[in-house]
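Spelled out from the first residue to the last, the chains are:
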Amino acid sequence: MAIDLAFHDHIATITINHPEKLNALNSARLRAIFLRFEEASLYPECRAIILTGAGERAFIAGADITAMATMTQEEAFTFGQLGHSLARAIEQAPQPVIAAINGFALGGGCELSLACDIRIAAENAVFAQPEVALGIPPGWGGTQRLLRVVGPGMAADLILTGRRIDAAEALRIGLVNAVYPVGELMAKALDLAAQIAANSPLAVRASKRLMAMNVGPAWEDSLAAEARAFAGEFGSGDQLEGMTAFIEKRKPVFTGEQPA
């Protein structure tokens, strides 16, 4: 497992470097990314942060379903809280955060990109909130941040169907700011970060803080409710069937059986 952090000309780049697992996240990787964000945000010379995934196949393919499949409700709540803590760390970093999205941004990967200030994508990017097909709701802020970014109707479409969309549709609905050829993505991300870094760091940080002022106590309550709902579905027949079917690479058969 490697979460890489590099600094160059006032820009920090955090790379999730586990391409053989499509950069899927377990508890250890979530904690490691959190620490990298803390390190980058506290670095005095850092004026912008880029978050990306190693390889061309995935930004973050979501949470590690094999690790999630057998979690108890208590374990799922702890795991969900880790995801929420990382998303808030990204959102509350004083520097602007750019998500450079290459390949899959599914589930938790899409949710963490939503916590970033700006999202740009490669032409091969694929987005989805597929949790309902696993017997759970989104658990790292997707029900709240996706609605704010693309609007209630489109958020409902994506969350309730779990369907995947390509980079072109993501651009059309406002999920990403721009789409580039795969080989140009990081150069474009660095160019965007350099444009930000060339401005007054005090003014940039103040602007980010001011844009976040419409997020108040009700927002935190909504995120907390999502975390409880996410954990509350663990142990249900649908959660067990959904994740088992995913691991076994078959279509799930849901019955609506409540958690024990």
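Above this text you will find the structure in question.
The sections below set out a description of the structure shown in this document.

### Overview of unusual backbone geometry
The backbone of Leu22 shows a phi angle near 55 degrees, a positive value even though the residue is not glycine. Within the secondary structure layout, Leu22 lies in the loop between strand S2 (11-16) and helix H1 (27-42).

### Looking at helix H8 (residues 185-197)
With 13 residues, H8 extends 18 Å from end C-alpha to end C-alpha; this agrees with the ideal 18 Å at 1.5 Å per step. Its buried side turned inward, H8 meets S2, strand S3 (48-53), strand S5 (97-101), strand S7 (118-122) and helix H9 (201-211).

### Comments concerning the pairing of S5
Extensive coverage of S5 is indicated by the burial of five of its five residues. Every second residue of S5 is oriented toward a common face, with Val97, Ala99 and Ile101 on one face and Ile98 and Ala100 on the other, all of them buried. Pairing between S3 and S5: four bridges, direction parallel. Across the sheet, residue Leu51 finds its bridge partner in S5, namely Ala99. Looking at chain direction, S5 and S7 are connected through four bridges and run parallel.

### Digging into the nonpolar core
Ranked by internal contacts, the top residues of the largest apolar core, which has 58 residues, are Phe37, Met68, Ile90, Phe127 and Leu175. In terms of residues, this core owes the most to one element, helix H3 (residues 73-92), which gives six residues.

### Considering H1
With 16 residues, H1 ought to run about 22 Å at 1.5 Å a step, and its terminal C-alpha atoms sit 23 Å apart, in line with that. Listing the buried residues of H1 in full gives Arg29, Leu30, Ala32, Ile33, Phe37, Ala40 and Ser41. Buried residues of H1, seen end-on, are gathered within an arc of 165 degrees and therefore sit on one face of the element. Seen from the open side of H1, the exposed residues pointing more than 90 degrees away from its buried face are Leu35 and Leu42. At its buried positions, H1 is contacted by strand S1 (3-8), S2, S3, H3 and S5. The residue sitting at the N-terminus of H1 and contributing the capping side-chain oxygen is Asn26; that oxygen lies 3.3 Å from the backbone nitrogen of Ala28.

### A look at the side chain of Arg119
Tracing the chain through its elements places Arg119 in strand S7. One buried charge, Arg119, has no salt-bridge partner; the nearest side chain with opposite charge is Asp117, at 7.7 Å. Engagement of the side chain of Arg119 in a polar contact is seen with the backbone oxygen of Leu175, the distance being 2.7 Å. Residue contacts for Arg119: discarding those within four places in its chain leaves Ala99, Ile101, Ser113, Leu114, Val149, Leu175, Val176, Asn177 and Ala178.

### Section: the pattern of salt bridges
Pairs can form between side chains of opposite charge whenever their charged atoms are close. Under the criterion given, the structure shown has nine salt bridges. Notably, a salt bridge pairs Glu169 with Arg163, separated by 2.9 Å at the nearest N-O pair. For the salt bridge of Arg172 with Glu169, the shortest nitrogen-to-oxygen distance reads 3.4 Å. Linking Arg172 with Glu169, this pair stays in helix H7 (residues 167-172), spanning three residues, or about one helical turn. According to the relative accessible area criterion, Glu169 is buried, its value standing at 18%. Overlapping salt bridges bring together Asp157, Arg163, Glu169 and Arg172 as one network.

### Some thoughts on the sheet that holds S5
A sheet is described by the order of its strands in space; here six strands give the open sequence S1-S2-S3-S5-S7-S10, paired in mixed fashion. The sheet terminates laterally at S1 and strand S10 (178-180), the two strands that pair on one side only. Looking at each pair of strands side by side, their axes are set apart by 20 degrees on average, direction ignored.

Conventions and cut-offs
- Residues numbered from 1 in each chain as written.
- Predicted model: local features only at pLDDT ≥ 70, side-chain atom pairs only at ≥ 80, totals over all residues.
- Heavy atoms only, no water.
- Helix = DSSP H or I, 4+ residues; strand = E, 2+ residues; numbered from the N terminus.
- Expected span 1.5 Å × (residues − 1).
- Contact = heavy atoms within 4.5 Å.
- Buried < 20%, exposed > 50% of the residue type's maximum accessible area, 1.4 Å probe, protein only.
- Pairing = 2+ DSSP bridges.
- Core = buried A, V, L, I, M, F, W, Y, C linked by side-chain atoms within 4.5 Å.
- Arc of directions from axis to C-beta.
- Polar contact = N/O pair within 3.5 Å; in protein donor to acceptor, adjacent residues only side chain to side chain.
- Lys, Arg positive; Asp, Glu negative; His and termini not counted.
- Salt bridge = Lys/Arg side-chain N within 4 Å of Asp/Glu carboxyl O.
- Axes fitted to C-alpha atoms, helices over the stretch in contact; angles between N-to-C directions.

Keep in mind that these numbers describe shape and distance, not what the molecule does.
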